[in-house]
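This is what each chain is made of:
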Amino acid sequence: AILAFSVLAFLSLLWSQDPQLTFRRAMALFLASIFAWFFSSYYAPADQMRLFVAAGVILALSSVAMAIVLPKYGLDAGGEWKGVFGQKNELGHAMLFLFSGLAFRPISSGPRLRTVVLQAILPLGLIVLSQSKGSLVLAILLVAVRLCGPFIKNSRREQLPFLLFATICATLGIVFGREIIFSLLGRDSTLTGRSHEWAVLSFFANRHLWLGYGYAAFWTGSGDSLNA
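Residues numbered from 1 in each chain as written. Predicted model: local features only at pLDDT ≥ 70, side-chain atom pairs only at ≥ 80, totals over all residues. Heavy atoms only, no water.

### Considerations on the nonpolar core
Soluble, globular proteins show a tendency: their nonpolar side chains are buried together.
Here is step 1 of the chain: By size, the foremost hydrophobic cluster in this structure holds 17 residues, and its most contacted members are Trp81, Leu91, Met95, Phe99, Leu102, Leu126 and Ile127.
Here is step 2 of the chain: Looking at this core, the elements with two or more residues in it are helix H3 (45-69), helix H5 (88-98) and helix H6 (110-130).
Here is step 3 of the chain: Of all the elements, H5 adds the most residues to this core, at five residues.
Here is step 4 of the chain: The residues contacting Leu91, other than those within four sequence positions of it, are Ser63, Trp81, Lys82, Gly83, Phe85, Leu126 and Ser130. (Core = buried A, V, L, I, M, F, W, Y, C linked by side-chain atoms within 4.5 Å. Buried < 20%, exposed > 50% of the residue type's maximum accessible area, 1.4 Å probe, protein only. Helix = DSSP H or I, 4+ residues; strand = E, 2+ residues; numbered from the N terminus. Contact = heavy atoms within 4.5 Å.)

### Some words on the packing of aromatic side chains
Here is step 1 of the chain: Under the defined criterion, the tally for this structure stands at 14 aromatic pairs.
Here is step 2 of the chain: Arranged with centres 6.3 Å apart and planes meeting at 50°, the rings of Phe204 and Phe218 form a pair that is tilted. On the criterion of sequence distance, the pair formed by Phe204 in helix H10 (residues 194-207) and Phe218 in the loop between H10 and helix H11 (224-227) is long-range, its members being 14 residues apart.
Here is step 3 of the chain: You can call Phe204 buried: its relative accessible area is 7%. (Phe/Tyr/Trp six-rings, centres within 6.5 Å; stacked < 30°, edge-to-face > 60°.)

### Digging into the packing of H3 against H5
Here is step 1 of the chain: The contact between H3 and H5 brings their axes to 9 Å, and the two run at 150°. Between H3 and H5, the angle is such that the two are roughly antiparallel. Remark: the crossing between H3 and H5 carries left-handed chirality. Contact residues: H3 offers Phe52, Val53, Ala55, Gly56, Leu59, Ala60 and Ser63, while H5 offers Leu91, Met95, Phe97 and Leu98. (Axes fitted to C-alpha atoms, helices over the stretch in contact; angles between N-to-C directions. Parallel < 35°, antiparallel > 145°, perpendicular 65-115°, else oblique. Left-handed = near helix turned anticlockwise from the far one by under 90°.)

### Notes on the environment of Ser62
Here is step 1 of the chain: Considering the arrangement of structural elements, one finds Ser62 in helix H3.
Here is step 2 of the chain: Classification of Ser62 by relative accessible area gives partly exposed; the value is 32%.
Here is step 3 of the chain: The spacing of Ser62 and Gly83 is 21 residues in sequence and 7.1 Å in space, taken between C-alpha atoms.

It is worth stressing that arrangement in space is one thing and function is another; only the former is reported here.
See below:
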């Protein structure tokens, strides 16, 4: 099932508007999938978490050094941190992904809790300094799942109506209070103009509704992407 995505990417060479680009991107996807398959099957989950955290520490410290020593390369134009990455959101997403295992480490004592909290300061600090709003929201949701998950799992049957009611209220609060939430995140209802772009791109998506333009072959600066 996982390799089916790579197979479909290669098949899209038949209708891609840029076959060479599609082949390169499909090959990269295939190699990444093979590595992920090896990594997940060779290492136990606990070892995977340790390797992710170790890689995260290296990238986090490198990003701090890049932003402080070489701010020309480690900071975006607006002062947002991007570290060793090409863009601030890449830094935020990398910190969130590599350190996500910290949220699910077993906590058996107070000292263990303090250790996990101290370990989480570095990635959370970089996410805040990167000003990657999406990564910050996902980090908050990750912590919420960690805190509420055991309660929901161990809840008794008579508590389920309350949980359902709380979920509905939270959903309605997000829907009707989205303007307030967006303003707190420094965004608006158009998601910084993205919704307008989606309206324009939907026309081109409908022209190739079933097969698309070939894997990663739309934004090439030619063809329909030029008109978009």
